[in-house]
Amino acid sequence: MSSRRNFIKKSGLASLGLLAAGAQANNMKAAAFKRKRIVKPLAISTWKNGMQANEAGWQVLKSGGRALDAVEQGVKVVEADPNDMSVGYGGRPDRDGIVTLDACIMDETGNAGSVCALENIKHPISVARRVMEKTPHVMLAGDGALQFAKEEGFVEENILTEKAKKQWQEWRKTSDYKPVINIENHDTIGMLALDAKGDISGACTTSGLAYKMHGRVGDSPIIGAGMYCDNEIGGAVATGMGELVMKTLGSFLVVELMNQGLSPQKAVEEAIARIVKKIPGYQDFQIGYLAINKAGEVGAYSLHRGFNYALYANDENRLIDSDYYLK
Ligand code: SD4
């Protein structure tokens, strides 16, 4: 046999060996999952407003409903709440006084839909779901997203509340353009659910940074940045300064780290470590990640103190403070 053929044969055998090792690792992972007591159904959402999102999602989950419906119904409650000034109706506008919304959703089959820079629609998450279910695309932006929403029967309405308008008018007196996200400046809702069947879905919806440049799109509507799910592994969502999450494709990173065998907690810690390592000036921003896996284990971690999340599991909804990096 020529040495070349020998080499091919040997490397073929070597890669077969690697494949077998990979398959064995996967089998071990599956067996480990089976040994664990799987906590399901389960819902987890970012920030304090996640409590009300979880309540709505739980209504779907407790009757055996689909995780996808749970996350859509859950985040819709926050989109409709004028007191949440980072999401949907009542969200803070951009620096020109226009409210622009970003949202994405992903189901247990890996299907995904999203909208960005959408104006005048109260429930961007439901438009994102229609993009996923009714178009061959993943993402629609701006005017095109609005046109599609109207074709789908969504009603255009003013979503800039008097309170948000007044605050913006105050801000305009100085127009200090500092896209710094502080602890109070947050409430974007990211939500993950594991249903009774064991399926995982996720949703994320926001009005983005207050007084952002018109046309600025953050991480929240970007599949893999603001949210990502893989039904064989788990799901992740992000909140905080979107630019840092986009530069590290945070949610995909968390899910992929779980795929490599990390627990949800270790995976979110590693994703924050990646930001610390790669992004100068990270100290000026807050980032928070949540993750779940198929066994119903959860992870939560942020850069700064102050990130909290709502976890609905074992028939109880709890608001929990996340652990954080900058101690
Ligand atoms: C964004 N990640 O547009 C969003 C903002 C956010 O809590 O999460 N705020 O960058």
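Bear in mind that the values here come from a model prediction, so they are computed numbers and not experimental data.

(A) Region of interest: the sheet that holds strand β1 (residues 42-46). Taken together, eight strands build an open sheet; the order of strands is β4-β3-β2-β6-β5-β1-β11-β12 and the sheet is mixed. The two strands at the open ends of the sheet, each matched to only one other strand, are β4 (139-141) and β12 (316-321). Each strand axis lies, on average, 10° off the axis of its neighbour in the sheet, ignoring direction. As paired elements, strand β5 (residues 189-194) and strand β6 (residues 200-206) share six bridges and run antiparallel to each other. Directly across from L192, in β6, lies its bridge partner G202. Contacting β1, β5, β11 (308-313) and β12, helix α2 (residues 50-62) runs over the sheet at an angle of about 155° to β1. Sitting on the sheet, helix α5 (residues 142-151) touches β3 (112-118) and β4, and the angle it makes with β4 is about 105°.

(B) Representation of the state of the cysteines in the model. Under the definition given, this model contains zero disulfides. Free cysteine: C204, not disulfide-bonded; nearest cysteine sulfur from C104 at 5.5 Å.

(C) Spotlight on the nonpolar core. L244, V254, I275, I287 and Y289 are the most contacted members of the largest nonpolar core, which has 50 residues in total. Of all the elements, helix α9 (residues 264-278) adds the most residues to this core, at six residues. Contacts of I287, omitting those with residues within four sequence positions, involve T239, G240, M241, L244, V245, I272, I275, Y301, S302 and L303. Of all hydrophobic cores here, the second largest spans 33 residues; its members include W58, L61, V71 and A193.

(D) Quick peek at the pattern of salt bridges. Using the criterion set out here, one finds 13 salt bridges in the structure. Close ionic contact of K173 with E170 constitutes a salt bridge, the shortest N to O distance being 2.6 Å. On the accessibility criterion, K173 (64% relative accessible area) is exposed. Measuring nitrogen to oxygen at the nearest pair gives 3.9 Å for the salt bridge that ties E270 to R274. Highlighted residues: E270 and R274, both in helix α9, separated by four residues, approximately one helical turn. Here the residues in one salt-bridge network are D69, E72, R129 and E133, joined through shared partners.

(E) Focus on the sheet that holds strand β10 (residues 298-302). One open sheet holds the five strands; their spatial order is β7-β8-β9-β10-β13, and the pairing between them is mixed. What marks the edges here is a single partner per strand, and that holds for β7 (227-230) and β13 (323-324). Across four bridges, the pairing between β7 and strand β8 (residues 234-240) is antiparallel. Considered in β8, the bridge of D230 is made with G234. Contacts between helix α8 (residues 250-259) and the sheet are confined to β7, β8 and β9 (287-293), with β8 contributing the most and set at about 145° to the helix.

(F) Spotlight on α5. Inspection of α5 places G142, A145, L146, F148 and A149 among the buried residues, and these make up the whole buried set. Down the axis of α5, the buried side of the element spans an arc of 160°, and every buried residue falls inside it. Those residues of α5 that are exposed and aimed more than 90 degrees away from the buried face are D143 and E151. Of the surrounding secondary structure, the elements contacted by the buried residues of α5 are β3, α4 (124-134) and β4. Remark: G153 follows α5 within two positions and exhibits a positive phi of approximately 95°.

(G) View of the side chain of T135. Here T135 shows up in the loop between α4 and β4. Of note is the side chain of T135, whose polar atom sits 2.7 Å from the backbone oxygen of V131. A polar contact of 3.0 Å, which involves the side chain of T135, links it to the backbone nitrogen of H137. What T135 contacts, discounting residues up to four positions off in sequence, is R130 and F148.

Basis of the calculations
Residues numbered from 1 in each chain as written. Predicted model: local features only at pLDDT ≥ 70, side-chain atom pairs only at ≥ 80, totals over all residues. Heavy atoms only, no water. Pairing = 2+ DSSP bridges. Helix = DSSP H or I, 4+ residues; strand = E, 2+ residues; numbered from the N terminus. Axes fitted to C-alpha atoms, helices over the stretch in contact; angles between N-to-C directions. Contact = heavy atoms within 4.5 Å. Disulfide = S-S within 2.5 Å. Core = buried A, V, L, I, M, F, W, Y, C linked by side-chain atoms within 4.5 Å. Buried < 20%, exposed > 50% of the residue type's maximum accessible area, 1.4 Å probe, protein only. Salt bridge = Lys/Arg side-chain N within 4 Å of Asp/Glu carboxyl O. Arc of directions from axis to C-beta. Polar contact = N/O pair within 3.5 Å; in protein donor to acceptor, adjacent residues only side chain to side chain.

By themselves, these figures tell us nothing about what the structure is for.
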